[in-house]
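# Analysis of the macromolecular model
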Amino acid sequence: MGYLPIDGQGARLLFRVIADAYEKRSIMYTSNLEFSRWGTVFGDEQMAAAIIDRTVHHGRMLRFKGGSYRVAHATMK
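Residues numbered from 1 in each chain as written. Predicted model: local features only at pLDDT ≥ 70, side-chain atom pairs only at ≥ 80, totals over all residues. Heavy atoms only, no water.

## What about the nonpolar core?
- By size, the foremost hydrophobic cluster in this structure holds 11 residues: Met1, Ala11, Ile18, Leu33, Trp38, Val41, Phe42, Met47, Ala48, Ile51 and Ile52.
- Where this core is concerned, the elements lending two or more residues are α1 (8-21), α2 (38-42) and α3 (45-58).
- If you tally residues by element for this core, the top one is α3, at four residues. (Core = buried A, V, L, I, M, F, W, Y, C linked by side-chain atoms within 4.5 Å. Buried < 20%, exposed > 50% of the residue type's maximum accessible area, 1.4 Å probe, protein only. Helix = DSSP H or I, 4+ residues; strand = E, 2+ residues; numbered from the N terminus.)

Here is the structure:
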């Protein structure tokens, strides 16, 4: 999440998927944005807060540090 903004309908649908999975099944998503910027992706700070709340309640966060694999192995230099 974060590469492209999500329109209102898309944000509501994605929220529905996350909310339906909450405490029932696993879900994994990636983002290059910190939580404080998720409101810009969803176009709604409250919806972003609700998604973050469900994400961190039972979730695990993996943070990858270091350089980009794609940049390091790019054929164009």
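## Side note on the pattern of salt bridges
- Tallying each qualifying case throughout the model produces two salt bridges.
- Among the salt bridges present, the one from Asp20 reaches Arg16, with a minimum N-O distance of 3.9 Å. You can see Asp20 and its partner Arg16 sitting in helix α1, four residues apart, about one turn around the helix.
- Across the pair Glu34 and Arg37 runs a salt bridge, and its minimum N-O distance is 3.9 Å. (Salt bridge = Lys/Arg side-chain N within 4 Å of Asp/Glu carboxyl O.)

## Regarding α1
- Along its 14 residues, α1 runs 20 Å from first to last C-alpha, staying within 8% of the 20 Å computed at 1.5 Å per residue.
- Tucked inside the fold, the buried residues of α1 contact α2 and α3.
- Just downstream of α1 lies Glu23, where phi reads positive at about 65 degrees. (Expected span 1.5 Å × (residues − 1). Contact = heavy atoms within 4.5 Å.)

## Some words on the packing of aromatic side chains
- Under the counting rule described, the total for this entry stands at three aromatic pairs.
- Ring centres of Phe35 and Trp38 lie 4.9 Å apart, and the angle between their planes is 85 degrees; on these two criteria the pair is classed as edge-to-face.
- Judged by relative accessible area, Phe35 falls into the partly exposed class, the value being 28%.
- For the pair Trp38 and Phe42, a centre-to-centre distance of 6.2 Å together with 55 degrees between the ring planes defines the contact as tilted. Residue Trp38 and its partner Phe42 are located together in helix α2, separated by four residues, close to a single helical turn. Here Trp38 and Phe42 have matching classes, each one buried.
- One aromatic cluster is present, built from ring pairs that chain together Tyr29, Phe35, Trp38 and Phe42.
- The ring centre of Tyr22 lies 5.9 Å from the NZ or CZ of Arg54, which sits over that ring. (Phe/Tyr/Trp six-rings, centres within 6.5 Å; stacked < 30°, edge-to-face > 60°. Lys NZ or Arg CZ within 6 Å of the ring centre and 35° of its normal.)

Read these as geometric descriptors, not functional statements.
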